[in-house]
Amino acid sequence: MPAEDVVEQLRRIGMSGYEAKVYLAMLAAGLPLNGYELAKQSGVPRSTVYETVAKLVARGSAFEVNVPDSGTAYLPLPIESLLARVRREVDDALGALATSLPNVSAPRETHLTQQIRGRRSVLDRAKDVIESAVSDLLVSIWPPEVPAVVDDLRRAAARGVEVTTLVFGGGDSLRGVGTVFEHRFSAPDVVEERLGCRLFAFVADRSSVLTAGAVGEETWGMWCDDPAMALVVAEYIRHDMAIQSILGSTHGQALRGLWEGSEELQRLRATVGSPGLQVFGAKP
């Protein structure tokens, strides 16, 4: 990982940019460094480096040592100790917030809706929905999106959430994660051709929902916590699962013939894509 990325990660756990650079310089040296050496190796100005390292010492992320003939020098808190300390602090803060925030939160009078662009942002929001599930989680997903969330789905199932997933082919990595339905009718490539995109969704406890679409890597979505919208999407997923179960059974032969031969059903399946999705590269 490039040094600038490591600096950014350290900033995310509470260090300033200068503090991150000084800490990395201490780690890279492997021996005590005085202020002059820290400034030279970290790139932090000499006028600032002593103040910066003093903040690290005060926080416990570095400590002073006396070096013969060199005076005061500095060593970093070992990596394992730093990470363990950060985890403890984050866990303590989250525990305190979990207790205190509900006491100051007013009853919600409106529901939130969020438009999301970008694959990472959409899948991060999907993880939020998965993590929020307490009792049940309904998922409709395509193979390209599975690797990003499969571990989150496993953790949800492990904590007792009833996870039910509809996957448009290639669902081997989801085996053992709750109940999995594979979408075969129509075939996934036919569905994607008709929709003009990969349409996927996550519904937690029928109270929050993420619906999203993707064309290649281009991904967009909408999250909301309106129970009515969550129920609509949940019923859409459940209905699709029921169709797959019925048509995939031994008694579904006649129904498959109806599915493929009925003019009325063909007309319902004839609508292709959406004009509004052209901006994302989807088929109109």
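In this structure, Leu137, Ile141, Leu153, Phe200, Phe202, Val203 and Leu210 are the most contacted members of the largest nonpolar core, which totals 41 residues. Contributing elements (two or more residues each) for this core: helix H6 (119-132), strand S4 (136-141), helix H7 (146-158), strand S5 (162-167), strand S7 (198-204), strand S8 (208-215), strand S9 (218-224) and helix H9 (227-247). Setting aside residues no more than four positions away along its own chain, Ile141 makes contact with Val146, Val149, Thr165, Leu166, Val167, Phe168, Leu174, Phe200 and Phe202. Counting 19 residues, the second largest nonpolar core, distinct from the first, contains Leu10, Ala20, Val49 and Tyr74.

This part takes up the pairing of strand S1 (residues 62-67). Across six bridges, S1 lies against strand S2 (residues 71-76) in antiparallel orientation. If you follow Val67 over to S2, its bridge partner there is Gly71. Hairpin connection, S1 to S2: the antiparallel pair is bridged by three residues, and Asp69 has positive phi, about 70°.

A few words now on the side chain of Thr165. Following the sequence through the fold, Thr165 ends up in strand S5. According to the relative accessible area criterion, Thr165 is buried, its value standing at 0%. Non-local contacts of Thr165, meaning those with residues more than four positions away in its chain, are made with Val139, Ile141, Leu174, Thr179, Val180, Phe181 and Met241.

Let us now look at the packing of aromatic side chains. In total, this model carries two aromatic pairs according to the counting rule given. Centre to centre, the rings of Trp142 and Phe168 are 4.2 Å apart; their planes meet at 5°, and the pair counts as stacked. Of this pair, Trp142 sits in the loop between S4 and H7 while Phe168 sits in the loop between S5 and strand S6 (179-182), placing them 26 residues apart in sequence. Judged by its relative accessible area of 3%, Trp142 falls in the buried class. Pairing Phe200 with Phe202 gives two aromatic rings, centres 6.3 Å apart and planes at 90°, and the pair type is edge-to-face. Residue class for Phe200 comes out buried when judged on its relative accessible area of 1%.

Contact geometry for helix H2 (residues 17-29) and helix H4 (residues 46-59): axes closest at 9 Å, N-to-C directions at 80°. What the angle tells us is that H2 and H4 run roughly perpendicular. Two secondary-structure elements touch here, H2 through Tyr18, Glu19, Val22, Tyr23 and Met26 and H4 through Thr48, Val49, Thr52, Val53, Lys55, Leu56 and Arg59. For the contact of H2 with H4, a count of residues per class yields seven nonpolar, two polar and three charged.

This part covers the sheet that holds S6. The seven strands are arranged S3-S9-S8-S7-S4-S5-S6 in an open sheet whose pairing can be described as mixed. Each of the sheet's edge strands pairs with one partner strand only, and the pair in question is strand S3 (113-117) and S6. Averaged over all pairs of adjacent strands, the angle between strand axes in this sheet comes to 10°, irrespective of strand direction. Here S4 runs beside S5; their pairing, made up of six bridges, is parallel. Counted as the bridge partner of Leu137 is Val163 from S5.

With the rule as written, the count across this model stands at 16 salt bridges. Residue Asp128 is joined to Arg125 by a salt bridge in which the shortest nitrogen-to-oxygen separation is 3.5 Å. Residue Asp128 and its partner Arg125 are located together in helix H6, separated by three residues, close to a single helical turn. Taking the relative accessible area as the measure of exposure, Asp128 reaches 43% and is therefore partly exposed. Residue Arg125 is classed as partly exposed on the basis of its relative accessible area of 21%. With its nearest N and O atoms 3.0 Å apart, the salt bridge here joins Arg206 to Asp136. With a gap of 70 residues between them, Arg206 in the loop between S7 and S8 and Asp136 in strand S4 connect regions that are remote in the sequence. By relative accessible area, which is 12% here, Asp136 ends up buried. Connected through shared salt-bridge partners, Arg119, Glu145, Arg198 and Glu217 make up one network.

A few words on a nonpolar patch on the surface. A cluster of nonpolar side chains, contributed by Val90, Leu94, Leu97, Leu101 and Val104, occupies part of the molecular surface with about 470 Å² of accessible area. Mapped onto the elements of the fold, Leu94 is located in helix H5 (residues 79-104). Overall, Leu94 belongs to the exposed group, its relative accessible area being 51%.

Taken together, the buried positions of helix H3 (residues 35-42) are Gly35, Leu38, Ala39 and Ser42. All buried residues of H3 fall inside an arc of 100° around its axis, so they share one side. On its buried face, H3 sits against H2, H4 and S2. N-capping of H3 is provided by Asn34, with a side-chain oxygen placed 3.1 Å from the backbone N of Tyr36.

Conventions adopted
- Residues numbered from 1 in each chain as written.
- Predicted model: local features only at pLDDT ≥ 70, side-chain atom pairs only at ≥ 80, totals over all residues.
- Heavy atoms only, no water.
- Core = buried A, V, L, I, M, F, W, Y, C linked by side-chain atoms within 4.5 Å.
- Buried < 20%, exposed > 50% of the residue type's maximum accessible area, 1.4 Å probe, protein only.
- Helix = DSSP H or I, 4+ residues; strand = E, 2+ residues; numbered from the N terminus.
- Contact = heavy atoms within 4.5 Å.
- Pairing = 2+ DSSP bridges.
- Phe/Tyr/Trp six-rings, centres within 6.5 Å; stacked < 30°, edge-to-face > 60°.
- Axes fitted to C-alpha atoms, helices over the stretch in contact; angles between N-to-C directions.
- Parallel < 35°, antiparallel > 145°, perpendicular 65-115°, else oblique.
- Nonpolar A, V, L, I, M, F, W, Y, C, P; charged D, E, K, R; others polar.
- Salt bridge = Lys/Arg side-chain N within 4 Å of Asp/Glu carboxyl O.
- Patch = residues over 30% accessible without salt bridge, like charges linked within 9 Å, V, L, I, M, F, W, Y side chains within 5 Å.
- Areas by Shrake-Rupley, 256 points an atom, 1.4 Å probe, with all protein chains shown as cover.
- Arc of directions from axis to C-beta.
- Polar contact = N/O pair within 3.5 Å; in protein donor to acceptor, adjacent residues only side chain to side chain.

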